Amino acid sequence: MGEAQVSLKHLFRVFTKPEHKDSKLAQIEQHLSDNILDFLSQHVVTKKTSLEEIEQDFSDAIVPESPEFVSTHAEALLEKLVAHSVNTYSPTFIGHMTSALPYFHLPLAKLLVGLNQNLVKIETSKAFTPLERQVLGMMHNLIYGEDDAFYHQYLHSARHALGAFCSGGTIANITALWVARNKTLGPTKGFSGVAKEGLAAAYRFYNISNLGVMCSKRGHYSLSKAVDALGIGRQQLLTIPCPDQTLDPQTALTEGKRYQEEGNKLLAIVGIGGTTETGHVDPLDELADVAKELGCWFHVDAAWGGATLFSNQYRDRLKGIHKADSVTIDAHKQMYVPMGAGMALFKNPEDANTVRHHAQYILREGSKDLGATTLEGSRNGMAMMVYASLHIFGRRGYELLIDQSIEKAKAFAQMIEKHPDFELITAPTLSLLTYRVCPASVQKKLQTANVKTRRSMNQKIDRLVVNVQKLQREAGKSFVSRTRLESPDYPDRSVTVFRVVLANPLTTQNDLTAILAEQHQIATGTKTWQDLEEGKYSLSH
Ligand SMILES: *Cc1c(COP(=O)(O)O)cnc(C)c1O
């Protein structure tokens, strides 16, 4: 069925000729262009198919022997894949940082794929290289605000880099710490640097037991991958408890000194500009001073929250970010660019040279090949999507989007606080908040219960929250995620909470009201709710 000829003539056609306008592929294209929301809602969320069933469709580990007609294959994709994809455009999908995209990215994506430029070297990208450098310059300017002369000097300099464009926040964090590592354990008299000699030699030469990176417990797991990949080791990621959700500068200083006194070297403090779990921002200004006092690198992971800098009203929430040696920003989060767009920005345009690589056939000395200072090799022209978005929205457009997200989060927080059966756990600093569902009577009893009773009550409420989150997800109308947090109100242990990210501009207050009502309805229908109301806190009920 749908088997195509195995001939070069047929394959050349696949490379060069568009599908007939009535073909399935052309229909998909037309449908997407007419109304993407309609396209998605026809295919998504409603179907209840278990992952195990879906796996059946993807269980064959043999490469198909013969070619298939493109249109036949497009039908199969619709049926097997698109029908079971997640509708990230839905206004009631408020559990993650992945959201609806502006429509213009669809035709631009076609252009991007069509041109198939490779940013690793000028020879395969030409104009895309200066474009990417300009994008990095604009983002650098947003953070560091240097003067015109600075950008005139460095924006297109072959011997400098204002940042590194990459596929996301994870690679950006690794890149930043890679640069920090190579600079800290750099070449000096008698040692040609960690990049050449390796970590073991560097530790011997610099006489250190270990290298460490410090962040709060809310640090993103990519930091743990970073210290692993860079050979520093996961045990040397010093994650500091943060019952108030942010890294306390005094604790950072004390812990940093203690670490150094034990014969170790603190490589970097990582401040978080919008944590993934609660949206809190570390006191960046103070942490920069602590890093200076300890003599270490200061990195800010603003993968999610960095876009707040567009807002004149809220950019203060990231106060002190300009003191960072490096900053991570993901354009595929609050800048509404398709996935695959992250950036590490460097305060000092010389710093990227610590990781510079040369090869004979590309990345030659003095060339402007971006691949010389990026971790990744072949890369597509995603910077074009960032460039287009920066122009199409402008700073003021982004400001509106950021402001309305934060204001919506505040309104939702008020809704939760007003509702007797909900409890706000962390208020929104940015457009992210956490809360839980719990009968009003139980909330009251919690205030006076002794530690032991409170613990079992909280465990029972945890179970309720998990139940409600799963049932709501399975019902398929809306999606809220969940996580576990330490909270100042419950210092003895973590509690399970709903986590909401208000990233989608299409989400309305009515959507939020409906989500809360649905959660309430689901909750009150459970056995756990009944138990809680009847004072049965044991988990065996
Ligand atoms: C999302 C996120 C990351 C990781 O970014 P990816 O693009 O998923 O690799 C890192 N740090 C923070 C704070 C994030 O929110």
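What you see is a predicted model, and the numbers here were worked out from it, not measured in a lab.

With that settled, consider unusual backbone geometry. Positive phi, close to 45°, is recorded for Lys126, a residue that is not glycine. Within the fold, Lys126 resides in the loop between α6 (105-115) and α7 (128-144). Located in the positive-phi region is Gln245, a residue other than glycine, with phi close to 75°. Within the element layout of this structure, Gln245 appears in the loop between β3 (237-240) and α13 (249-261).

With that settled, consider the pattern of salt bridges. Summed over all chains, the structure comprises 18 salt bridges. One salt bridge connects Asp531 with Lys460, and the closest N-O pair in it is separated by 3.1 Å. With Asp531 in helix α19 (residues 527-533) and Lys460 in helix α17 (residues 451-475), the pair connects residues that are 71 residues apart, well separated along the chain. Per residue, the accessibility class of Asp531 equals that of Lys460, and both read buried. Residue Lys527 pairs with Asp531 through a salt bridge whose shortest N-O separation is 3.1 Å. Of the two residues, Lys527 and Asp531 are both situated in helix α19; the distance of 4 residues between them amounts to about one turn of the helix. The class of Lys527 is partly exposed, set by a relative accessible area of 48%. Among the charged side chains, a salt-bridge network with shared partners connects Asp285, Asp289, Lys319 and Lys323.

Right, let's get into the UniProt feature "modified residue: N6-(pyridoxal phosphate)lysine" (unreviewed entry) in the chain. Look at the UniProt record and you will see "modified residue: N6-(pyridoxal phosphate)lysine" (unreviewed entry) annotated at Lys333. Considering the arrangement of structural elements, one finds Lys333 in the loop between β6 (326-330) and β7 (342-346). Given the relative accessible area of 18%, Lys333 is considered buried. If we skip the residues at most four places from it in the chain, Lys333 touches Met97, Ala303 and Trp304. One polar contact links Lys333 to Asp330, side chain to side chain, over a distance of 3.3 Å.

Overall, mixed pairing links the 7 strands, which are arranged β1-β7-β6-β5-β4-β2-β3 in an open sheet. One side of each edge strand has no neighbouring strand; the edge strands of this open sheet are β1 (163-166) and β3. Between one strand axis and the next, the sheet turns through 20° on average, direction left out of account. Pairing between strand β4 (residues 265-272) and strand β5 (residues 297-301): 5 bridges, direction parallel. For Ala268, the partnering residue across the bridge sits in β5 and is Trp297. Helix-sheet contacts for α7 involve β1, β6 and β7, and the interaxial angle to β7 is about 60°.

Before going further, it helps to examine the domain arrangement of the chain. When cut into domains, the chain gives domain 1 (8-87), domain 2 (122-379) and domain 3 (404-533). Taking only C-alpha atoms, the centre of domain 1 and the centre of domain 3 are 38 Å apart.

Quick notes on the rules
Residues numbered from 1 in each chain as written. Predicted model: local features only at pLDDT ≥ 70, side-chain atom pairs only at ≥ 80, totals over all residues. Heavy atoms only, no water. Helix = DSSP H or I, 4+ residues; strand = E, 2+ residues; numbered from the N terminus. Salt bridge = Lys/Arg side-chain N within 4 Å of Asp/Glu carboxyl O. Buried < 20%, exposed > 50% of the residue type's maximum accessible area, 1.4 Å probe, protein only. UniProt positions renumbered as here; feature names shortened; annotations may be inferred. Contact = heavy atoms within 4.5 Å. Polar contact = N/O pair within 3.5 Å; in protein donor to acceptor, adjacent residues only side chain to side chain. Pairing = 2+ DSSP bridges. Axes fitted to C-alpha atoms, helices over the stretch in contact; angles between N-to-C directions. Domains from an automatic or database assignment.

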